[in-house]
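# Tertiary structure, described
Letter by letter, the chains look like this.
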Amino acid sequence: MHIRTVNMDDFDNELDIINMLFVERMPPVFSMPLVKTVTIDDVPFFTLTLTGPGYDHAALRALADELRVALEAVPEVRDVSVIGGYAREIRVELSPERMAAYGVDPTIIAERLRLANL
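Residues numbered from 1 in each chain as written. Predicted model: local features only at pLDDT ≥ 70, side-chain atom pairs only at ≥ 80, totals over all residues. Heavy atoms only, no water.

## Considerations on the overall build of the chain
The secondary structure content of the chain amounts to four helices and two strands. Along the chain direction, N to C, the helices and strands of the chain fall in the order α-β-β-α-α-α. Within the chain, the proportion of its 118 residues that are buried is 14%. A fraction of 31% describes how many contacts in the chain between residues 6 or more apart in sequence connect residues 24 or more apart. For the chain, the accessible area works out to roughly 9500 Å², and carbon and sulfur atoms hold 54% of it. (Helix = DSSP H or I, 4+ residues; strand = E, 2+ residues; numbered from the N terminus. Buried < 20%, exposed > 50% of the residue type's maximum accessible area, 1.4 Å probe, protein only. Contact = heavy atoms within 4.5 Å. Areas by Shrake-Rupley, 256 points an atom, 1.4 Å probe, with all protein chains shown as cover.)

## Some remarks on the confidence of the model for the chain
Per-residue pLDDT for the chain averages 76, and the proportion of residues at 70 or more is 68%. Here strand β1 (residues 34–40) is the element of the chain with the lowest mean pLDDT, 60, and helix α3 (residues 96–102) is the one with the highest, 91. (pLDDT = per-residue confidence, 0-100.)

## With respect to a nonpolar patch on the surface
A contiguous nonpolar surface patch, about 240 Å² in accessible area, is contributed by Ile90, Val92 and Leu94. Here Ile90 is to be found in the loop between α2 (57–72) and α3. (Patch = residues over 30% accessible without salt bridge, like charges linked within 9 Å, V, L, I, M, F, W, Y side chains within 5 Å. Salt bridge = Lys/Arg side-chain N within 4 Å of Asp/Glu carboxyl O.)

## A word on the pattern of salt bridges
Two side chains carrying opposite charge are able to pair once their charged atoms lie near each other. Throughout the structure, instances matching the rule amount to five salt bridges. Between Arg61 and Asp65 there is a salt bridge, with the nearest N and O atoms lying 3.5 Å from each other. Of this pair, Arg61 and Asp65 are both found in helix α2, four residues apart, which corresponds to roughly one turn of the helix. Glu93 serves as the salt-bridge partner of Arg91, at 3.0 Å between the closest nitrogen and oxygen. Residue class for Arg91 comes out exposed when judged on its relative accessible area of 68%. Taken together, the salt bridges that share partners define one network made up of Arg61, Asp65, Arg68 and Glu72.

## What to know about the nonpolar core
Core analysis: the biggest nonpolar cluster contains seven residues, these being Met26, Phe30, Leu50, Leu60, Leu63, Ala64 and Leu67. The contact partners of Leu50, leaving out residues within four places of it in the chain, are Met26, Leu60, Leu63, Ala64 and Leu67. (Core = buried A, V, L, I, M, F, W, Y, C linked by side-chain atoms within 4.5 Å.)

## A few points about α2
Spanning 16 residues, α2 covers 22 Å between terminal C-alpha atoms, matching the ideal 22 Å at 1.5 Å per step. Taken together, the buried positions of α2 are Leu60, Arg61, Leu63, Ala64, Leu67, Ala70 and Leu71. (Expected span 1.5 Å × (residues − 1).)

Following this line, the structure appears as structure tokens:
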């Protein structure tokens, strides 16, 4: 992914910026982004909603996380957050019989996962 720097004065509105930055990367079945500009205490922000038939929550969340990283790299962008979808989750199911057979303590596994940030 490469980052483009844009001059806000070169665009008529935020939708033009979104089109330039991201639409070319979206699958063809995605609808155009919905951009809403709201100003609170002269701090502009916008909301981008991703939807698309045939794309599950995980795929949409992965794209949103990718966009978040790109937007955070833009100078003077203060906060970017992703809301919705399902965050990546790893589920570990332990077998008491197998753990006992190998002499493994479940608290050690829990601690190793915690240290690995999983």
